[in-house]
Amino acid sequence: MQMTQKKIGAGQFFSILLLCRLLVNLTFNSNDSSLSSCDKIISDILTVAFIFVMSIPVFIYMKKGWDFSDCIRSISPKLNKAVCFFYSLYFIILASITVTRFQLFTTSTLVSEGNVTNVLYIALLVLSALYGAYLGFQAIGRAAFIFAIVVISAIFFLFLTSAKNFDFVNITPFFYNGTKNILQNAVKNAASTTEIAMLTMFHSRVSGNKVKGQAITILIFLILELLLSVPSCLVLGDLAPKLFFPEYVLATMASLDMLKSLDAFINACWVLAATIKTAFMIILSHFCIGNVFKIKKNLPWLVGIALVVFSISLVFSKYISTFILIIGSFNFIIASFVFSVAIPLIVLIVHALKERKNKKEGLL
């Protein structure tokens, strides 16, 4: 698996990113419970707007054809190793959060919570992700492209089957409790956008028009987000922002001639998305470590990363209340912005200034 030589198609790569973004919204909803259902829709729209703004640095990288790691290396090889090391740790933490989110969903809605159940679900997901990581990012990309079609179809089914339960009495005035809570919730949701860091680190391994691909991905996510939040508003009303899993509640209520209950179908989609995201996080962590150390054999490193993810996920699952506080804390938001925006932007500016200086010296 020579990740430094192979490339992945834009359609496959952005299918991975779309699944990663949708998984956050589907498996754990940490919205502010003080939001009204209509304000939740506004918050979702603002979240996508913030995601677009946060993507500006990586848009510049892609437009100029600059590799993030190469830009850091041109500033300082030692700095590149340090930055890649911390990004590797960051992706491990994100993979652990992904596993814990899914474990929280499964033990809260599907089965009774217990220590044996926690370990089993975490182990199965990490093992599946490890196998996917071993197959490589191209295999993950091909699977993600197919799974993305399945997940998008599931969301459309969910919208259509929920339409018969729409009750427009549930519509509340916009900005019902002011704008502060809406903005705070949008910022918090945007901060969970790990895909920007993934794109920044890996975009040079992606073929095709990446700028267009990211813009289309954000647009598709906005449409899908509205297809989820509008039924939540019109069916569940003000109860929706207070639920951890409003989409699952909708799925259990939905029915169609062919499918009397969509919850099993939706659950399958969530399993696929969680496996894809965790596998790609392991690959990204391995990819970053490859910029720090000389890796001769990939499998031992992949297994080691997976074991760390498994261990951290077990700790998170044991202290769920602490886990919820961590992912909703101001420090987590700051860390997300640092890795997604601040570091790429600083490197971009320093590299551009160095390039300009080298050009001036060359003219002289």
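Above this text sits the structure in question.
Residues numbered from 1 in each chain as written. Predicted model: local features only at pLDDT ≥ 70, side-chain atom pairs only at ≥ 80, totals over all residues. Heavy atoms only, no water.

S.K.: How would you explain the nonpolar core if you had to name every residue and give the values?
M.R.: In this structure, Phe 13, Tyr 87, Phe 91 and Phe 280 are the most contacted members of the largest nonpolar core, which totals 87 residues. The leading source of residues in this core is helix H12 (residues 263-289), at 14 residues. If we ignore the near neighbours within four places in the chain, the residues touching Tyr 87 are Phe 68, Ala 197, Met 201, Cys 288, Phe 339, Ile 343 and Pro 344. Counting five residues, the second largest nonpolar core, distinct from the first, contains Ile 97, Phe 316, Phe 323 and Phe 332. (Core = buried A, V, L, I, M, F, W, Y, C linked by side-chain atoms within 4.5 Å. Buried < 20%, exposed > 50% of the residue type's maximum accessible area, 1.4 Å probe, protein only. Helix = DSSP H or I, 4+ residues; strand = E, 2+ residues; numbered from the N terminus. Contact = heavy atoms within 4.5 Å.)

S.K.: Residue-level account of the environment of Ile 305, with values.
M.R.: Looking at the secondary structure, you find Ile 305 in helix H13 (residues 298-318). Owing to a relative accessible area of 4%, Ile 305 belongs among the buried residues under this scheme. Sequence separation between Ile 305 and Ile 282 is 23 residues, and the spatial gap between their C-alpha atoms is 6.6 Å. Beyond its immediate chain neighbours, meaning those up to four positions away, Ile 305 contacts Ile 92, Ile 282, Ser 285, His 286 and Ile 289.

S.K.: So, the environment of Asn 165: which residues are in play, and what are the values?
M.R.: For Asn 165, the position within the fold is in the loop between helix H7 (137-162) and helix H8 (180-191). Overall, Asn 165 belongs to the partly exposed group, its relative accessible area being 28%. In sequence terms Asn 165 and Met 253 are 88 residues apart; their C-alpha atoms lie 8.9 Å from each other.

S.K.: Run through the packing of aromatic side chains, naming residues and quoting values.
M.R.: In total, this model carries 16 aromatic pairs according to the counting rule given. Relative to Tyr 87, the ring of Phe 68 lies with its centre 5.7 Å away and its plane at 70 degrees, an arrangement referred to as edge-to-face. Linking Phe 68 in helix H4 (residues 68-75) with Tyr 87 in helix H5 (residues 77-110), this pair joins segments that are 19 residues apart in sequence. A relative accessible area of 1% places Phe 68 in the buried class. With centroids separated by 6.0 Å and ring planes inclined at 50 degrees, the aromatic side chains of Tyr 90 and Phe 91 adopt a geometry described as tilted. Take Phe 91: its relative accessible area is 0%, and that puts it in the buried class. (Phe/Tyr/Trp six-rings, centres within 6.5 Å; stacked < 30°, edge-to-face > 60°.)

S.K.: Go over the packing of helix H2 (residues 37-54) against helix H10 (residues 210-236), please, and point to the residues and values.
M.R.: Between H2 and H10, whose axes approach to 9 Å, the crossing angle comes to 170 degrees. Relative to H10, H2 is oriented roughly antiparallel. Here H2 contributes Ser 37, Cys 38, Lys 40, Ile 41, Asp 44, Ile 45, Val 48, Ile 51 and Phe 52 to the contact with H10, which in turn contributes Ile 218, Phe 221, Leu 222, Glu 225, Leu 226, Ser 229, Val 230 and Cys 233. (Axes fitted to C-alpha atoms, helices over the stretch in contact; angles between N-to-C directions. Parallel < 35°, antiparallel > 145°, perpendicular 65-115°, else oblique.)

S.K.: Residue-level account of a nonpolar patch on the surface, with values.
M.R.: A surface patch of nonpolar side chains, about 600 Å² in accessible area, is lined by Tyr 131, Tyr 134, Leu 135, Leu 299, Val 303 and Leu 307. Looking at the nonpolar patch, the elements that each hand over two or more residues are helix H6 (115-135) and H13. As for its placement among the helices and strands, Val 303 is situated in helix H13. Under the relative-accessibility criterion, Val 303 is labelled partly exposed at 32%. (Patch = residues over 30% accessible without salt bridge, like charges linked within 9 Å, V, L, I, M, F, W, Y side chains within 5 Å. Areas by Shrake-Rupley, 256 points an atom, 1.4 Å probe, with all protein chains shown as cover. Salt bridge = Lys/Arg side-chain N within 4 Å of Asp/Glu carboxyl O.)

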